[in-house]
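Listed below, chain by chain, are the residues.
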Amino acid sequence: MFRCVRYLPMRVRREAHAGNSNLDVYMVPDWLLIRLLLGRGLILWLGVRLSFALIGFALYGHLPTAFGPMTVLFIVGLTGVLELVDQRRRGEVDLFGNLGISRAVVATLAAVPALAAEIAISVALRYP
Amino acid sequence: MIVLELDSVGKSFGRRRILTSATLRAEAGGVTALLGRNGTGKSTLLAIAAGVIRADYGRIIFRDRMRERPTHAALAGEGLFFLPMRELLIPTMLVGAQLDLVTRTFATTPDGALLDQLHIQDLRDRRPLTLSGGERRRADLAAAVCRTPVCLLADEPLRDLAPLDAECCADVLRSLARAGCAVVVTGHEVEPLLQVADRVVWCTDGTTYDLGTPASAADHLAFRRGYLAGA
């Protein structure tokens with residue numbers, strides 16, 4: 001179960017930190033790390049999007065701009081997974097772990113720009 | 001008070017069985033030295049204790065709570081700090097920024113004297129990428145000091161350190177324990193480790209033996225023959 005310690009009531013937080021609670025205590029990443037992960041997520045999304053466009057070009061002979069909802073979800077998920085791989089490559093896994101930041105939070109934060117950008121694209125294409 | 005307890009832990013990598021039934025206890029205010037030959041599973045046991053890898057079976061209790069599927073992040077949120085054998089800090093980010101990050105995240109007040117002992121002031125404005133192996137080790141240990149952990153698991157913290165630096169880091173580990181932290185260290189630097197340890201655990205043949213104090217460990221015939229050799 002994911003629980004974010006800063007959003008819990010003070011009593012529960014105190015108990016959790018004292019080890020008296022049955023909650024798993026994860027930490028909210030510092031703003032510095034949030035910015036870092038969002039930025040990386042954006043770059044990764046651009047890379048994934050470009051790859052998909054190139055694959056589309058190779059298969060159909062034109063650059064696709066719009067993708068189906070399942071493909072969009074796949075792109076967003078892939079961005080999150082790629083950030084986990086990238087983080088391991090950079091040797092940052094242990095520090096993030098020691099900061100109490102779970103891998104799920106890392107993947108989610110990296111996927112946020114991808115999701116936002118995909119929503120923006122679909123809105124722009126629907127209401128040009 | 002026992003902060004961390006691993007009981008009958010087993011782990012295999014493919015067909016290679018590393019641990020069959022290993023036990024480890026970390027007491028608040030004490031330093032436990034986990035010693036053993038290369039490939040006997042010391043680092044694996046420590047990584048399991050930290051939630052970095054998952055045991056195949058066995059019981060893990062941290063702060064009086066049984067952990068079914070412990071993750072590093074969840075244990076770290078409750079006061080565990082894992083110092084891996086590889087570098088801990090992000091190579092391209094300033095050391096000072098990373099230490100501040102740890103302090104800010106957990107709202108801790110690190111012991112300034114310990115940080116001074118690690119000569120961290122000289123390293124704050126540098127990136128780990130530009131540091132020597134010994135300086136990196138000191139910076140990693142400084143991150144642990146900034147966390148003020150309840151339990152510190154340090155995998156070979158004295159590796160490749162000059163004798164003076166090793167002594168300095170060993171002193172810091174001792175001071176952390178004196179402040180109430182449960183410290184577990186591994187390594188092959190027998191002399192400084194035995195000096196700093198309160199208890200010695202011998203990891204061999206997939207299991208562990210609690211040998212008691214360093215003095216009784218040094219008198220243990222099988223330990224001397226099986227690990228210390230001529231030391």
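Just to check I follow, could you spell out the overall build of chain A for this structure?
On a plain count of helices and strands, chain A comes out with 5 helices and 0 strands. Its helices and strands in sequence order give chain A the pattern α-α-α-α-α, from N to C terminus. The buried share among the 128 residues of chain A stands at 28%. Within chain A, counting contacts between residues at least 6 apart in sequence, those at least 24 apart form 67% of the total.

When you look at the packing of helix α3 (residues 95–106) of chain B against helix α5 (residues 133–147) of chain B in this model, what are you seeing that I'm missing?
When two helices pack together, their arrangement is given by the angle between their axes and by how far apart the axes lie. Residues and elements named next belong to chain B. Where α3 contacts α5, the two axes come as close as 8 Å, and the packing angle between them is 20 degrees. Taken together, the axes of α3 and α5 lie roughly parallel to each other. Relative to α5, the crossing made by α3 is right-handed. Mapping the contact onto sequence places Val 95, Gln 98, Leu 99, Val 102, Thr 103 and Phe 106 in α3 and Ala 139, Ala 142, Ala 143, Cys 146 and Arg 147 in α5. Class assignment of the residues belonging to the contact of α3 with α5 gives a composition of 8 nonpolar, 2 polar and 1 charged.

Hey, could you run me through the confidence of the model for chain B in this one?
The predicted structure's coordinates, where accompanied by low pLDDT, should not be read in detail. The predicted model of chain B averages 93 in pLDDT, with 99% of residues at 70 or higher. The ipTM for the predicted assembly is 0.92, set against a pTM of 0.88.

Sorry if this is basic, but what is going on with the interface of chain A and chain B here?
Many authors give the size of an interface as the accessible area that is lost as the parts come together. With 19 residues of chain A at the interface, the matching set in chain B holds 25 residues. With 4 residues, helix α4 (residues 93–98) of chain A is the single largest residue contributor to the side of chain A that touches chain B. Tallied by class, residues from the side of chain A that touches chain B come to 8 nonpolar, 7 polar and 4 charged.

Can you walk me through unusual backbone geometry in this structure?
Across residues other than glycine, the phi torsion is negative in most instances, and most of the peptide bonds are trans. All names here are of chain B. For Ser 8, which is not a glycine, the phi torsion comes out positive at approximately 50 degrees. Take Ser 8: it is sitting in strand β1 (residues 2–13). Its identity is not glycine, yet Asp 205 carries a phi of approximately 55 degrees, on the positive side. As for its placement among the helices and strands, Asp 205 is situated in the loop between β9 (199–204) and β10 (207–212).

So what exactly am I meant to see when it comes to the nonpolar core here?
One recurring pattern in soluble globular proteins is that nonpolar side chains are buried together. The biggest cluster of nonpolar side chains holds 98 residues, and the ones touching the most others in it are B:Leu34, B:Leu45, B:Cys151, B:Leu152, B:Leu153, B:Leu173 and B:Val183. In this view, B:Val183 contacts B:Val31, B:Thr32, B:Leu152, B:Ala154, B:Leu173, B:Leu176 and B:Ala177; residues no more than four positions away in its chain are not counted.

Help me understand helix α5 (residues 103–126) of chain A, please; the structure alone is not making it clear to me.
Given 3.6 residues to a turn, an α-helix orients residues that are three or four positions apart in the same direction. All names here are of chain A. Between its terminal C-alpha atoms α5 stretches 34 Å, which fits the 34 Å expected from 24 residues at 1.5 Å a residue. All of the buried residues along α5 are Val 105, Val 106, Leu 109, Ala 110, Ala 111, Pro 113, Ala 114 and Glu 118. Turning to α5, the residues buried within the fold contact α2 (31–60), α3 (69–90) and α4.

I keep staring at helix α6 (residues 163–178) of chain B and nothing clicks. Help me out?
Residues and elements named next belong to chain B. For α6, which comprises 16 residues, the first-to-last C-alpha distance of 22 Å matches the rise-based estimate of 22 Å (1.5 Å per residue) to within 8%. Buried within α6 we find Ala 166, Cys 169, Ala 170, Val 172, Leu 173, Leu 176 and Ala 177. Around the axis of α6, the buried residues are gathered within 155 degrees of arc, so they sit on the same side. Of the exposed residues in α6, the ones pointing more than 90 degrees away from its buried face are Pro 163, Leu 164 and Arg 178. Where α6 is buried, its residues touch β3 (31–35), α4 (112–117), α5, β7 (151–154), β8 (182–186) and α7 (190–196). Within two residues after α6, Gly 180 carries a phi angle of roughly 110 degrees, on the positive side.

Reading the values: the criteria
What you see as residue numbers is a count from 1 along each chain, following the sequence as written. Chain letters start at A and ligand numbers start at 1, both assigned in the order the entries are written. Local features are withheld for residues below a pLDDT of 70 in this predicted model, meaning they are given only at 70 or higher, and side-chain atom pairs are given and counted only at 80 or more; totals for whole chains, interfaces and linings count all residues. Going along the chain from the N terminus, every DSSP run of H or I of four or more residues is numbered as a helix, and every run of E of two or more is numbered as a strand. Working definition of burial: number of other C-beta atoms within 10 Å of the residue's own, with buried at 20 or more, exposed at 12 or fewer, and partly exposed in between, all C-beta atoms being placed from the backbone. By definition, residues are in contact whenever their C-beta atoms, placed on the basis of the backbone, come within 7 Å of each other. Axis angles are defined between N-to-C directions and span 0 to 180 degrees, where every axis is a line fitted to C-alpha atoms and, for a helix, only to the segment in contact. Reported orientations rely on four angle classes, namely roughly parallel under 35 degrees, roughly antiparallel over 145, roughly perpendicular from 65 to 115, and oblique for the rest. Rotating anticlockwise by less than a right angle from the far helix to the near helix defines a left-handed crossing, while the corresponding clockwise rotation defines a right-handed one. Here the term charged refers only to Asp, Glu, Lys and Arg, the term nonpolar to Ala, Val, Leu, Ile, Met, Phe, Trp, Tyr, Cys and Pro, and the term polar to all other amino acids, Gly among them. Known as pLDDT, the predictor's per-residue confidence is scaled from 0 to 100. Nonpolar core, as used here: buried Ala, Val, Leu, Ile, Met, Phe, Trp, Tyr and Cys residues forming one set through C-beta atoms within 7 Å. In this scheme, a helix's expected span is set at 1.5 Å multiplied by one less than its residue total. Summarising the geometry, the arc corresponds to the directions from the helix axis toward the C-beta atoms.

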